[in-house]
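As a plain string of letters, each chain reads:
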Amino acid sequence: MSISPMRLVVVGAAGRMGRNLIKAIADNPDTVLHAAIEREGSPAVGQDSGLLSGLAANGIPITTDALEAFVNAQGVLDFTAPTATVAFAALAAQARLVHVVGTTGMSEADIGKLTLAARHAVVIRSGNYSLGLNMLAALVKRAAASLGPDWDVEIIEMHHRMKVDAPSGTALLLGEAAAAGRGVSLSNSAVRSRDGHTGLREAGTIGFQALRGGTVIGDHTVILAGNGERIELRHIAEDRGLFAAGAVKAALWGLNRKPGHYSMNDVLGLTE
């Protein structure tokens, strides 16, 4: 860790996560907000990022110039949209920044572009930056490995009505954990919807159900169902700030690391 605070840029700074990220940076003595970026045309452009986030004025206005902001920064926190994240990844790679990505709904092609960027930058990507959720994923992986394909796996997630992608990135993270435990590919075993006469449940599949409503921050349940018994592992997020704090922790972990594509398992020492 550097002696001086790590200089971080928040992109998507006016969004709910962006504002929480600005708060998390202010709360951590090892980090300082270097710049706050929004898209062209955002009504937040020009506003003080501290005031916008519910803090005291910090003298850092919301701007649209990511290229200039990245020049003297050390890291970027990115919970935006797939297209924006891919563009930011290219800039972060050029500037050799730590790029912490919490963007969900990314395609395989998008992730491939992040992997290319990781040749020159530290890219940390996760569907969830909560310590508790990542511990849950580790438990799911172990349970799936121990119980085997005779136990059915179903993942149920619920989020607020404004969420635009499904299943959630966190649900997919949990699905990847279950698939890894079984030694299979999630893309070949996932069942994302059921409607009408579906026939019998195919053995070895991993099912997903996505619920949307209200202001739910994040509720995830993994059900492992065997013959005559059932295990339910659940995580409930009550404060969006916990994701922001985890993202800041990830950025600090990535400082001075070798370029590469990392996950929260690496940050938390859960990689086997």
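Core analysis: the biggest nonpolar cluster contains 36 residues, and Val-10, Leu-21, Leu-77, Val-100, Ile-124 and Tyr-129 have the highest contact counts within it. Counting only elements with at least two residues in this core, the list comes to β1 (6–11), α1 (16–27), β2 (31–37), β5 (98–101), β6 (122–125), α9 (241–254) and α10 (264–267). Look past the residues within four positions of Ile-124 in its chain and what remains in contact with it is Val-98, His-99, Val-100, Val-101, Tyr-129, Ala-250, Trp-253, Gly-254, Tyr-262, Ser-263 and Val-267. In terms of nonpolar packing, the next biggest core, distinct from the first, is built from 21 residues, Leu-136, Ala-137, Ala-177 and Leu-224 among them.

This next bit is on the sheet that holds strand β8 (residues 190–191). Ordered by their spatial adjacency, five strands build an open sheet running β8-β9-β7-β10-β11, and the pairing between neighbours is mixed. Only two strands of the sheet have a single partner each, and these edge strands are β8 and β11 (229–237). Two strands pair when backbone bridges link them, and β8 and strand β9 (residues 206–212) are joined in this way by two bridges, in the parallel orientation. By the bridge assignment for β9, Ala-190 is matched with Ile-206.

What follows covers the environment of His-235. Structurally, the position occupied by His-235 is in strand β11. The exposure class assigned to His-235 is buried, which follows from its relative accessible area of 13%. Separated by 102 residues in sequence, His-235 and Leu-133 place their C-alpha atoms 6.2 Å apart. When residues no more than four places from it in sequence are discounted, the contact partners of His-235 are Ser-130, Gly-132, Leu-133, Leu-136, Gly-218, Asp-219 and His-220. Among the polar contacts made by the side chain of His-235, one reaches the side chain of Ser-130 at a distance of 3.3 Å.

Attention shifts here to the pairing of strand β4 (residues 75–78). Of the two faces of β4, the one lined by Gly-75 and Leu-77 and the one lined by Val-76 and Asp-78 are each fully buried. By the bridge criterion, four bridges tie β1 to β4 in an arrangement that is parallel. Residue pairing for β4: Leu-8 is matched across the bridge by Gly-75. Looking at chain direction, β4 and β5 are connected through four bridges and run parallel. From the neighbouring strand, Val-76 faces β5, where its bridge partner is His-99. Between the parallel elements β4 and β5, the chain passes through helix α4 (residues 82–95) in a crossover that is right-handed.

Moving on: the sheet that holds β1. Taken in spatial order, the seven strands of this open sheet run β3-β2-β1-β4-β5-β6-β12, and their pairing is parallel. Every interior strand has two partners, whereas the edge strands, β3 (62–63) and β12 (260–262), have only one. Direction of pairing for β5 relative to β6: parallel, over a ladder of four bridges. Paired with Val-100 across the two strands is Ile-124, which belongs to β6. Contacts from α1 reach β1, β2 and β4, with the element oriented near 155° to β2. Strands in contact with helix α5 (residues 108–117) are β5, β6 and β12; relative to β6, the strand with the most contacts, it is inclined by about 145°.

Along an α-helix, residues three or four positions apart point the same way, because every turn accommodates 3.6 residues. Over its 12 residues, α1 extends 17 Å from the first C-alpha to the last, a length consistent with the 16 Å expected when each residue adds 1.5 Å. Listed as buried for α1 are Met-17, Gly-18, Asn-20, Leu-21, Ile-22, Ala-24 and Ile-25.

Quick notes on the rules
Residues numbered from 1 in each chain as written. Predicted model: local features only at pLDDT ≥ 70, side-chain atom pairs only at ≥ 80, totals over all residues. Heavy atoms only, no water. Core = buried A, V, L, I, M, F, W, Y, C linked by side-chain atoms within 4.5 Å. Buried < 20%, exposed > 50% of the residue type's maximum accessible area, 1.4 Å probe, protein only. Helix = DSSP H or I, 4+ residues; strand = E, 2+ residues; numbered from the N terminus. Contact = heavy atoms within 4.5 Å. Pairing = 2+ DSSP bridges. Polar contact = N/O pair within 3.5 Å; in protein donor to acceptor, adjacent residues only side chain to side chain. Right-handed = clockwise from strand over helix to strand, strands pointing away. Axes fitted to C-alpha atoms, helices over the stretch in contact; angles between N-to-C directions. Expected span 1.5 Å × (residues − 1).

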